[in-house]
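# Reading the structure
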Amino acid sequence: MKTINLEGKEVFPSKIICIGRNYVDHIKELGNEIPEEPVIFIKPNSSIAADIQCSEPDEIHFEGEISIVVLSGEIAGVGFGLDLTKRKLQSRLKAMGLPWERSKAFDGAAVFSEFAAFEGQVSDLRLELHINDRLVQQGGCKLMMYKPAEIIAEVKSFLSLEDGDLIMTGTPAGVGPLQAGDRFNGKIFEKDTLVVEGSWVVQ
Ligand code: ZN
């Protein structure tokens with residue numbers, strides 16, 4: 001079973017709950033419709049990986065996301081997450097009205113920084129993703145259609161959050177394909193204070 005790291009302690013997420021289409025600018029970027037309720041899907045524990053791998057024949061897109069670890073049903077910590085997506089396959093599955101798992105739940109599809117304990121103002125959280133020192137994605141809770149508290153309430157309305165479960169809160173505009181050798185640096189800020197960051201080289 002895969003684990004993530006919260007303040008130096010290993011935590012076991014039974015699942016990762018992902019929110020799709022939560023930033024209007026990214027919805028427009030993919031030509032999707034604005035949803036009337038949160039778009040929710042799940043990645044399994046087995047999708048968690050420490051490294052970013054792009055060895056698949058299918059092109060894989062990065063989606064940088066503010067990610068939350070839940071304990072006792074509440075936000076316990078925050079980290080930077082990458083929701084890796086086989087975009088062409090996802091588009092094909094969407095067009096056929098089929099589930100997305102083949103494009104979103106594969107081994108290695110979820111990569112996280114360490115998680116930092118967080119008791120601050122969730123509405124002040126924002127992310128930056130730099131690739132090769134260039135800022136390619138930025139966004140934050142203020143721009144989300146569904147804020148973390150609403151997401152948690154919605155999720156709890158139909159499934160149980162176990163201790164250690166993760167929530168990926170959706171991606172802002174700027175997604176794109178992985179390229180081997182690219183240097184990723186994902187940062188989570190509370191206003192202008194760095195809370196946590198992760199760095200990877202695409203393999
Ligand atoms: Zn995503």
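Please refer to the structure higher up on the page.
Attention here is on the structure that accompanies the text. Here the structure is a predicted model, which is why all the values come from computation and not from measurement. (Residues numbered from 1 in each chain as written. Predicted model: local features only at pLDDT ≥ 70, side-chain atom pairs only at ≥ 80, totals over all residues. Heavy atoms only, no water.)

Attention now goes to the coordination of the zinc ion. Protein ligation of the zinc ion involves Glu63 (OE), Glu65 (OE) and Asp83 (OD), the donor distances falling in the range 1.9 to 2.1 Å. With a relative accessible area of 1%, aspartate 83 lands in the buried category. (Donors = N, O, S within 2.8 Å, 3.2 Å for Na, K, Ca; no water. Buried < 20%, exposed > 50% of the residue type's maximum accessible area, 1.4 Å probe, protein only.)

A few words on the sheet that holds strand β16 (residues 183–190). Reading across from one edge, β13-β12-β16-β17 is the order of the four strands in this open sheet, with antiparallel pairing throughout. With partners counted over all chains shown, the strands left at the sheet margins are β13 (134–140) and β17 (193–201), one partner each. Pairs of neighbouring strands in the sheet enclose a mean axial angle of 15 degrees, with direction left out of account. Relative to β16, strand β12 (residues 125–131) runs antiparallel, the two sharing seven bridges. (Pairing = 2+ DSSP bridges. Helix = DSSP H or I, 4+ residues; strand = E, 2+ residues; numbered from the N terminus. Axes fitted to C-alpha atoms, helices over the stretch in contact; angles between N-to-C directions.)

A few words on the pattern of salt bridges. Within this structure, the stated rule accounts for nine salt bridges. Close ionic contact of lysine 104 with glutamate 63 constitutes a salt bridge, the shortest N to O distance being 3.3 Å. You can see lysine 104 sitting in helix α3 (residues 101–104) and its partner glutamate 63 sitting in the loop between β6 (60–62) and β7 (64–71), a full 41 residues away along the chain. Salt-bridge contacts for aspartate 133 lead to arginine 183; the nearest nitrogen and oxygen are separated by 3.3 Å. Of this pair, aspartate 133 sits in the loop between β12 and β13 while arginine 183 sits in strand β16, placing them 50 residues apart in sequence. (Salt bridge = Lys/Arg side-chain N within 4 Å of Asp/Glu carboxyl O.)

No statement about biological role is implied by the geometric values presented.
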